[in-house]
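Remarks on the overall topology
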Amino acid sequence: MMPRVTSDATKLRPWTGDRAPAGWGLGDGQAIPWEYAPAPESRDVVTVKERYGLFIDGREASASDGAVFATVNPATEEKLADVARATTTDVDRAIRAARRAQKKVWGTLPGRERAKYLFRIARILQERSREFAVLETMDSGKPIKESRDVDVPLAAAHFWYYAGWADKLEYAFPGRVARPLGVAAQVIPWNFPLLMLAWKIAPALAAGNCVVLKPASTTPLSALLFADVCRQADLPPGVVNIVPGPAAIGMHLVSSPGVDKVAFTGSTEVGKLIHRAVAGSDKAITLELGGKAANIVFEDAALDQAVEGIVNGIYFNQGEVCCAGSRLLAQESIVEPLVEKLKDRLSTIRVGDPLDKNTDVGAINSRQQLEKITELVAAGVAEGAELYQPACDLPDRGYFFRPTLFTGVAQSHRIAREEIFGPVLSVLTFRTPDEAIEKANNTPYGLSAGVWTEKGSRILSMVRGLKAGVVWANTFNRFDPTSPFGGYKESGFGREGGMHGLHAYVRLEDRGA
Ligand code: NDP
């Protein structure tokens, strides 16, 4: 279901290098003189307003002090819009609106009625999918083919899926009564803005909770377009509230005594701060934090498929993915051919305008993130790893970074230990399955891992040894709303997706209690 990062380029160039095969009328081995024609997606499907307000109690509102902040297109560095910057007064108002709606309307609505709203939201997301995809790409820098084929369809799929549970909670938790927790405070990051919103809002609403959500400051627009979807779906006022604002607003939101549940996705550093802020209260909390996943390739794996999986694992969404396969663990006997194939494949990756339908790697989300990637790559070179980047022209403006591959990486290098959150792959080697497990687990994180081998028994034994919330076998970055996702160790705790994701938004009571 999850499309690969790109297979278009390989389909069009099924031979090695840019030389014509016989029979193409160009003369054997002659250089192919073609380039992709630009294939820009039209911006006309979306109207980007000059100014966006907060969404509180079903209405668009200015911030209490009238302040705004700008959101920019990271591919062009142009300002897209001004967005109202919520104050603590606004957040408190949003929490009160959510509480009112939860007590008086949403929490008392029969599940089958809640389901109708969720189905309606899913349907509207599908109907407006192009608009969402283009806006998401403009605000975040991700390639249009990913927002179009992954982010938006998966966001809609989460609403479809949880709509199905809303009237079946007694079957989800047999013998128990599932009660809503109340008001959920949700803080989301910038790498999958709409999808993270869907992961958080859909199960919360299905279980009868109301929400106040703070989007990341660099990507508030799809959440504010979602506010329009809530209005279109006639969702009762106060059920969903959206309060863009700086980090301090996120902290105020999660710390408020008016919220019953906190859900956060983002950096481990901020996750720890939020965990501390919530400690000592009776709030429920789930944290989905960073990762440094190992993608493990055994010598018996189908190498060409593995190469596609590795590319998907680390260059999808510019590598700005918490579960990115940023450490390639290759069995020593195949490391050379594997790296050769990877380098070859990297030369076909197209970096550039995210709105171009042929683009594989778009813009890095912000200047700050680009600086972080640049700094860590420089650290990799300084520590002695060998850097490879394919020759490719980067646009003159915008925040772009070449797909990067490091060989000769040691476990102690920063690029092998720290979450880079960029299109940077570190290649390490192993000899035995035990060594692979030991190296894969040698990280403070534990979010995801990949195993490539043709032996089913080896997959099963590796899965038992890997300390990762998700292990993909002979694939990578596959997501499905029915399947739980979450981490161990410094990758956080709690699960989103599936019935586990629903569980995080209910209080279970014995029948008759
Ligand atoms: P953050 O964790 O800082 O941001 C995620 C969300 O939390 C944003 O909405 C942010 O708001 C908010 N936030 C930031 N500080 C606080 C706080 N003290 N209290 C409450 N909310 C807060 O990620 P960054 O954007 O700074 O990225 C830094 C690094 O984190 C990246 O380089 C990457 O390594 C990692 N990261 C990991 C993600 C993951 O999914 N695992 C997602 C994003 C980043 P605002 O945008 O206003 O700052």
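Below, the structure is looked at part by part. (Residues numbered from 1 in each chain as written. Predicted model: local features only at pLDDT ≥ 70, side-chain atom pairs only at ≥ 80, totals over all residues. Heavy atoms only, no water.)

**Some details on the packing of helix α2 (residues 88–104) against helix α9 (residues 247–255)**
Look at α2 against α9: their axes get within 10 Å of each other, and the N-to-C directions meet at 35°. As for the relative orientation of α2 and α9, their crossing is right-handed in sense. Along its contact with α2, which presents Thr 88, Val 91, Asp 92 and Ile 95, the element α9 presents Ile 249, His 252 and Leu 253. Looking at the contact of α2 with α9 residue by residue, the class counts come to four nonpolar, two polar and one charged. (Axes fitted to C-alpha atoms, helices over the stretch in contact; angles between N-to-C directions. Helix = DSSP H or I, 4+ residues; strand = E, 2+ residues; numbered from the N terminus. Left-handed = near helix turned anticlockwise from the far one by under 90°. Contact = heavy atoms within 4.5 Å. Nonpolar A, V, L, I, M, F, W, Y, C, P; charged D, E, K, R; others polar.)

**Quick look at unusual backbone geometry**
With glycine set apart, most residues show a phi of negative sign, and most peptide bonds adopt trans. Here Gln 318, not a glycine, exhibits a phi torsion of approximately 60°, which is positive. Mapped onto the secondary structure, Gln 318 falls in the loop between α11 (303–315) and β13 (327–331). Using a relative accessible area of 0% as the deciding quantity, one classes Gln 318 as buried. Unlike most non-glycine residues, Asn 477 shows phi in positive territory, near 55°. Summarising the element assignment, Asn 477 is placed in the loop between β18 (470–473) and β19 (492–493). (Buried < 20%, exposed > 50% of the residue type's maximum accessible area, 1.4 Å probe, protein only.)

**Focus: the sheet that holds strand β16 (residues 424–430)**
Within a sheet, each strand pairs with its neighbour through backbone hydrogen bonds, oriented either parallel or antiparallel. Strands sit in the order β14-β15-β16-β13-β12-β17-β18 across an open sheet of seven strands; the sheet is mixed. The strands lining the two open edges of the sheet, one partner per strand, are β14 (386–388) and β18. Averaged over all pairs of adjacent strands, the angle between their axes in this sheet comes to 20°, without regard to strand direction. Summarising the sheet, β14 and strand β15 (residues 404–407) pair through three bridges and their orientation is antiparallel. Across the sheet, residue Leu 387 finds its bridge partner in β15, namely Phe 406. Across the sheet, helix α15 (residues 433–441) is in contact with β12 (294–297), β13 and β16; its angle to β13 comes to roughly 170°. (Pairing = 2+ DSSP bridges.)

**Focus: empty space enclosed by the protein**
Tallied over the entire structure, the rule returns three cavities of 30 Å³ or more. Each pocket or cavity is described by its volume, and for the largest cavity that value is around 110 Å³. Considering the residues around the largest cavity, the lining is formed by 16 residues, among which Phe 192, Met 196, Trp 199, Val 321 and Phe 479 are closest to the centre. A total of three residues in the lining of the largest cavity trace back to one element, the largest contributor, which is helix α7 (residues 193–206). Considering only enclosed or pocket space, the second largest cavity measures out at about 90 Å³ in volume. Listed by contribution, the elements that provide at least two residues to the lining of the second largest cavity are α15 and β17 (448–452). Looking at side-chain class alone, the lining of the second largest cavity contains eight nonpolar, four polar and three charged residues. (1 Å grid on protein atoms, 1.4 Å probe; cavity = no way out; pocket = protein on both sides within 12 Å on 5 of 7 lines; lining within 4 Å. Points joined across faces, edges and corners; volume = space filled by probe spheres on them.)

**Structural notes on the environment of Ala 133**
Along the chain, Ala 133 falls in helix α4 (residues 129–140). The exposure class assigned to Ala 133 is buried, which follows from its relative accessible area of 3%. With 92 residues separating them in the primary sequence, Ala 133 and Glu 41 have C-alpha atoms 9.9 Å apart. Not counting residues up to four positions away in its chain, the partners in contact with Ala 133 are Ile 144, Ser 147, Arg 148 and Val 152.

**Observations concerning the sheet that holds strand β5 (residues 78–84)**
In space, the three strands of this open sheet follow the order β1-β5-β4, with mixed pairing throughout. This sheet does not close on itself; its edge strands, each paired only once, are β1 (51–52) and β4 (68–73). Relative to β5, β4 runs antiparallel, the two sharing six bridges. Residue pairing for β5: Asn 73 is matched across the bridge by Glu 78. Its contacts with the sheet place helix α8 (residues 221–232) against β1, β4 and β5, and it is angled at close to 55° to β5.

**What to know about the site of the ligand**
By nearness alone, 28 residues border the ligand, and Trp 190, Ser 217, Ser 267, Gln 369 and Lys 372 come closest of all. Lys 214 is positioned with one of its side-chain polar atoms (N or O) 2.9 Å from an oxygen atom of the ligand. Among the secondary structure elements, those contributing two or more residues to the shell around the ligand are α9, β10 (261–265), α10 (268–278) and α13 (367–382). Residues belonging to the shell around the ligand are distributed by class as follows: 16 nonpolar, nine polar and three charged. (Near = heavy atom within 4 Å. Polar contact = N/O pair within 3.5 Å; in protein donor to acceptor, adjacent residues only side chain to side chain.)

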